[in-house]
Amino acid sequence: MKAYRLLTEEDTSAFCHKVTEALSKGWALYGDPSYAFDAASGKMRCAQAVIKEAEGEYSPEVKLGQL
């Protein structure tokens, strides 16, 4: 199955660490990152989609972060 995740985080080094961790676990970048203002928190947020080929069949119970 092909798995998809959208990683999001405030615009801090935590976002870069989250993406780097995913890449180290075999996920690949999918598309360009996004950067937007979150009016509710008053902070900038980043987003990056990642994909990964994984064994098994998809079900809603799959824990994507554990693939």
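See the structure shown above.
The rules behind the values
- Residues numbered from 1 in each chain as written.
- Predicted model: local features only at pLDDT ≥ 70, side-chain atom pairs only at ≥ 80, totals over all residues.
- Heavy atoms only, no water.
- Salt bridge = Lys/Arg side-chain N within 4 Å of Asp/Glu carboxyl O.
- Helix = DSSP H or I, 4+ residues; strand = E, 2+ residues; numbered from the N terminus.
- Buried < 20%, exposed > 50% of the residue type's maximum accessible area, 1.4 Å probe, protein only.

Participant: Tell me about the pattern of salt bridges, residues and numbers included.
Facilitator: Across all of its chains, the model carries three salt bridges by this definition. Here Lys43 ties to Glu10 by a salt bridge, and the two come within 3.6 Å at their closest N and O atoms. In this pair, Lys43 sits in strand 3 (residues 43–53) while Glu10 sits in strand 1 (residues 2–10), placing the two residues 33 residues apart along the sequence. Overall, the relative accessible area of 25% leaves Glu10 in the partly exposed class.

Participant: Describe the environment of Glu55, naming the residues involved and giving the relevant values.
Facilitator: Counting through the fold element by element, Glu55 comes out in the segment after strand 3. The exposure class assigned to Glu55 is exposed, which follows from its relative accessible area of 78%. Placed 28 residues apart in sequence, Glu55 and Trp27 show a C-alpha to C-alpha distance of 13 Å.

Nothing here speaks to function; it is all geometry.
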